[in-house]
Amino acid sequence: MVAPGAGEGLAGLPQNGFAVHRGLLADRDLGLYAVAFSAASLLADAPRSMGMVSLTIAAQERPCEGFARVAQIFRAATIVSLGMGVALAAAIYLLLPLLYGWEFADARVIGIILAGGFVPLGLTALLGQSMRGQGRPLAGMYSRLMGLAVMVPVAFVLSEPLRAAGVAWAFLAAQMVTMCCMLFLTLRHYHSASLKAMV
């Protein structure tokens, strides 16, 4: 039996990249990345709240049942996340230099890339809560480990030519892989599940 919440420590491994990339970036680039990440991370709040709803609903269903409700919440979360992502990207470009100073203007593009990564990150967390409610808490850990396996080499390759932006692209790639893995595990778990119902 797996204890509730097992794997949550590892589940966050690829979420920010600071531990992985501290040695790849100069201090200024790491500062730009940190500022951009703090702005882009605002996207995590809405999917996190919806994830708690998904956890409650999934826990009330029989094992491998209730896919229609999971798909419905996922579709709604996708629309909300994309809408918030576009709005936040615009806000980052316009407001970030005013909040942090024009010396951090270069963080705008980095923040927009990271905001793109936070959309699949939030959706992955949503599906992870559904799987936890179904008694599969390790699904999130497995998916994020796959994302970490992508993030490390991509960041290593891109950090030299693109610096902090390369790390941001690695973050985005890792979150896309993580979400795809979580979608695969979710579709395998539920009866009568289909990718078409998720989009």
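Residues numbered from 1 in each chain as written. Predicted model: local features only at pLDDT ≥ 70, side-chain atom pairs only at ≥ 80, totals over all residues. Heavy atoms only, no water.

A.B. asks: An account of the overall build of the protein chain is requested, with residue identities and associated values reported.
C.D. replies: Assigned secondary structure in the protein chain consists of 8 helices and 0 strands. Beginning at the N terminus, the succession of helices and strands in the protein chain can be written as α-α-α-α-α-α-α-α. Looking at the protein chain residue by residue over its 199 residues, the buried ones come to 47%. Considering only intrachain contacts with a sequence separation of at least 6, the fraction spanning at least 24 residues in the protein chain is 81%. (Helix = DSSP H or I, 4+ residues; strand = E, 2+ residues; numbered from the N terminus. Buried < 20%, exposed > 50% of the residue type's maximum accessible area, 1.4 Å probe, protein only. Contact = heavy atoms within 4.5 Å.)

A.B. asks: A description of the pattern of salt bridges should follow, citing residues and the corresponding values.
C.D. replies: Oppositely charged side chains can form a pair if their charged atoms are brought close together. The tally for this structure, following the rule as stated, stands at 3 salt bridges. Across the pair Asp 106 and Arg 28 runs a salt bridge, and its minimum N-O distance is 3.2 Å. Taken as a pair, Asp 106 in the loop between helix H5 (67-100) and helix H6 (107-133) and Arg 28 in helix H3 (residues 27-40) lie far apart in primary sequence, 78 residues in all. Classification of Asp 106 as partly exposed rests on a relative accessible area of 47%. We classify Arg 28 as partly exposed; its relative accessible area is 44%. (Salt bridge = Lys/Arg side-chain N within 4 Å of Asp/Glu carboxyl O.)

A.B. asks: Kindly report on H3, identifying the contributing residues and their values.
C.D. replies: If you check H3, its first and last C-alpha atoms are 20 Å apart, about what 14 residues at 1.5 Å a residue would give, namely 20 Å. Within H3, the full set of buried residues consists of Asp 29, Leu 30, Leu 32, Tyr 33, Val 35, Ala 36, Phe 37, Ala 39 and Ala 40. (Expected span 1.5 Å × (residues − 1).)

A.B. asks: Before we move on, could you go through the packing of H5 against H6 and cite the residues and values that matter?
C.D. replies: Interhelical geometry of H5 versus H6 gives an angle of 160° and a closest axis separation of 9 Å. Here H6 runs roughly antiparallel to H5, going by the angle between their axes. In the packing of H5 onto H6, the handedness of the crossing is right-handed. Across the interface between the two elements, Val 70, Ile 73, Phe 74, Ala 77, Thr 78, Ser 81, Leu 82, Ala 89, Ile 92, Tyr 93, Leu 96 and Pro 97 of H5 pack against Ala 107, Arg 108, Gly 111, Ile 112, Val 119, Leu 123, Leu 126, Leu 127 and Ser 130 of H6. (Axes fitted to C-alpha atoms, helices over the stretch in contact; angles between N-to-C directions. Parallel < 35°, antiparallel > 145°, perpendicular 65-115°, else oblique. Left-handed = near helix turned anticlockwise from the far one by under 90°.)

A.B. asks: So what's going on with the packing of aromatic side chains? Which residues, and what values?
C.D. replies: For the structure shown, the criterion picks out 6 aromatic pairs. When the ring of Tyr 33 is compared with that of Phe 37, the centres are 6.2 Å apart and the planes differ by 25°; the resulting orientation is stacked. Taken as a pair, Tyr 33 and Phe 37 lie in helix H3 at a separation of 4 residues, close to a single helical turn. Taking relative accessible area as the criterion, Phe 37 reaches 12% and is therefore assigned buried. Consider the rings of Phe 37 and Phe 171, whose centres lie 5.8 Å apart with planes at 80°: the pair is edge-to-face. Of the two residues, Phe 37 is situated in helix H3 and Phe 171 in helix H8 (residues 164-189); the sequence distance between them amounts to 134 residues. The residues Phe 37 and Phe 171 share a single accessibility class, namely buried. Three or more aromatic residues joined by ring pairs form one cluster here, namely Tyr 33, Phe 37, Phe 118 and Phe 171. The residue whose ring lies beneath Arg 108 is Tyr 93, and the NZ or CZ to ring-centre distance is 4.3 Å. (Phe/Tyr/Trp six-rings, centres within 6.5 Å; stacked < 30°, edge-to-face > 60°. Lys NZ or Arg CZ within 6 Å of the ring centre and 35° of its normal.)

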